[in-house]
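# Residue-level structural notes
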Amino acid sequence: QVALVESGGGLVQTGGSLRLSCAASGRTFSTYTMGWFRQAPGKEREFVASKSASGAITRYADSVNGRFTISRDNAKNTIYLQMNSLKFEDTAVYYCAAGARSVMTMRNIEYWGQGTQVTVSS
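Throughout, residues of each chain are indexed from 1 in the direction in which the sequence is written. pLDDT decides what is reported in this predicted model: residues at 70 or higher carry local features, side-chain atom pairs at 80 or more are listed and counted, and totals for whole chains, interfaces and linings draw on all residues regardless. Just so you know, side-chain values use all the structure's heavy atoms and leave hydrogens and water out.

### Some thoughts on the packing of aromatic side chains
- Pairing of aromatic side chains here covers Phe, Tyr and the six-membered ring of Trp, requires ring centres within 6.5 Å, and sorts the geometry by plane angle: under 30 degrees stacked, over 60 edge-to-face, intermediate tilted. Tallied over the full model, the rule gives four aromatic pairs.
- Between Tyr 32 and Tyr 111 the ring centres are 5.9 Å apart and the planes differ by 80 degrees, which places this aromatic pair in the edge-to-face class. Taken together, the residues span a long stretch of sequence, with Tyr 32 in the loop between strand 3 (18-24) and strand 4 (33-39) and Tyr 111 in strand 10 (residues 109-112) at a distance of 79 residues. Both residues of the pair, Tyr 32 and Tyr 111, belong to the buried class.
- Ring geometry for Phe 37 and Trp 112: centres 5.2 Å apart, planes at 70 degrees, overall edge-to-face. Here Trp 112 lies in strand 10 and Phe 37 lies in strand 4, a separation of 75 residues in the sequence.
- The structure contains a cluster of three or more aromatic residues connected by ring pairs, namely Phe 37, Phe 47, Tyr 95 and Trp 112.
- Its end group placed over the ring of Tyr 95, Arg 45 keeps NZ or CZ at 3.7 Å from the ring centre. In this text, helices come from DSSP runs of H or I with a minimum length of four residues, and strands from runs of E with a minimum of two, each type numbered from the N-terminal end. A 1.4 Å probe rolled over the protein chains alone gives each residue an accessible area, and that area as a share of the maximum for its type sets the label: buried under 20%, exposed over 50%, partly exposed in between. For a lysine, the NZ atom is tested; for an arginine, the CZ atom; a charge sits over a ring if that atom is within 6 Å of the ring centre and within 35 degrees of the ring normal.

### So, the side chain of Lys 51
- With respect to the element layout, Lys 51 can be found in strand 5 (residues 46-51).
- It is Asp 73 that comes nearest to the buried, bridge-free Lys 51 among opposite-charge side chains, at 12 Å.
- We define a polar contact as two N or O atoms separated by no more than 3.5 Å, with the added condition that, inside protein, one atom must be a possible hydrogen donor and the other a possible acceptor, whereas residues neighbouring each other in sequence contribute only through side-chain atom pairs. A polar contact of 2.6 Å, which involves the side chain of Lys 51, links it to the side chain of Thr 58.
- Contact definition: two residues touch when any of their heavy atoms are within 4.5 Å. Contact partners of Lys 51, with chain neighbours within four places excluded, come to Thr 33, Met 34, Ile 57, Thr 58, Ile 70, Ser 71 and Arg 72. Under the counting rule used here, the positive set is Lys and Arg, the negative set is Asp and Glu, and His together with the chain ends is not counted. Any carboxyl oxygen of Asp or Glu that lies within 4 Å of a side-chain nitrogen of Lys or Arg is treated as forming a salt bridge with it.

### Observations concerning the pattern of salt bridges
- A complete count under the given rule lists three salt bridges for this structure.
- When the shortest N-O distance is used, the salt bridge between Asp 90 and Arg 67 registers 2.8 Å. Residue Asp 90 is located in the loop between strand 8 (78-83) and strand 9 (92-99), and its partner Arg 67 is located in the loop between strand 6 (58-60) and strand 7 (68-73); the two are separated by 23 residues in the primary sequence. An identical accessibility class is assigned to Asp 90 and Arg 67; each is buried.

Honestly, that's just the spatial picture; any functional story needs more than this.
Have a look at this one:
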């Protein structure tokens with residue numbers, strides 16, 4: 001059993017930055033691919049970024065590539081999402097996720113966090 005708790009969401013102006021954190025419980029944290037999804041009002045939940053258990057495989061959605069950076073600290077059982085140059089379109093609830101495969105999809109997520117709100121204003 002793995003529990004995921006996100007933090008770091010909030011209100012930021014266009015062009016600003018935020019860093020999200022996700023703290024995980026469980027000794028098997030280091031064996032999971034970890035990542036982030038987001039869901040905006042009226043939209044389906046979508047993939048944002050992921051990093052494999054070893055850290056060797058990192059993936060980003062085209063919409064955030066070059067602006068967001070995912071990292072993980074297995075010693076702290078924590079993953080992060082550094083978000084820079086934020087746009088209004090980034091407004092969404094962001095969810096931490098853990099899965100067994102290096103490529104994360106809505107079908108293969110084993111654990112979800114509760115979500116944290118990110119709002120980007122003009």
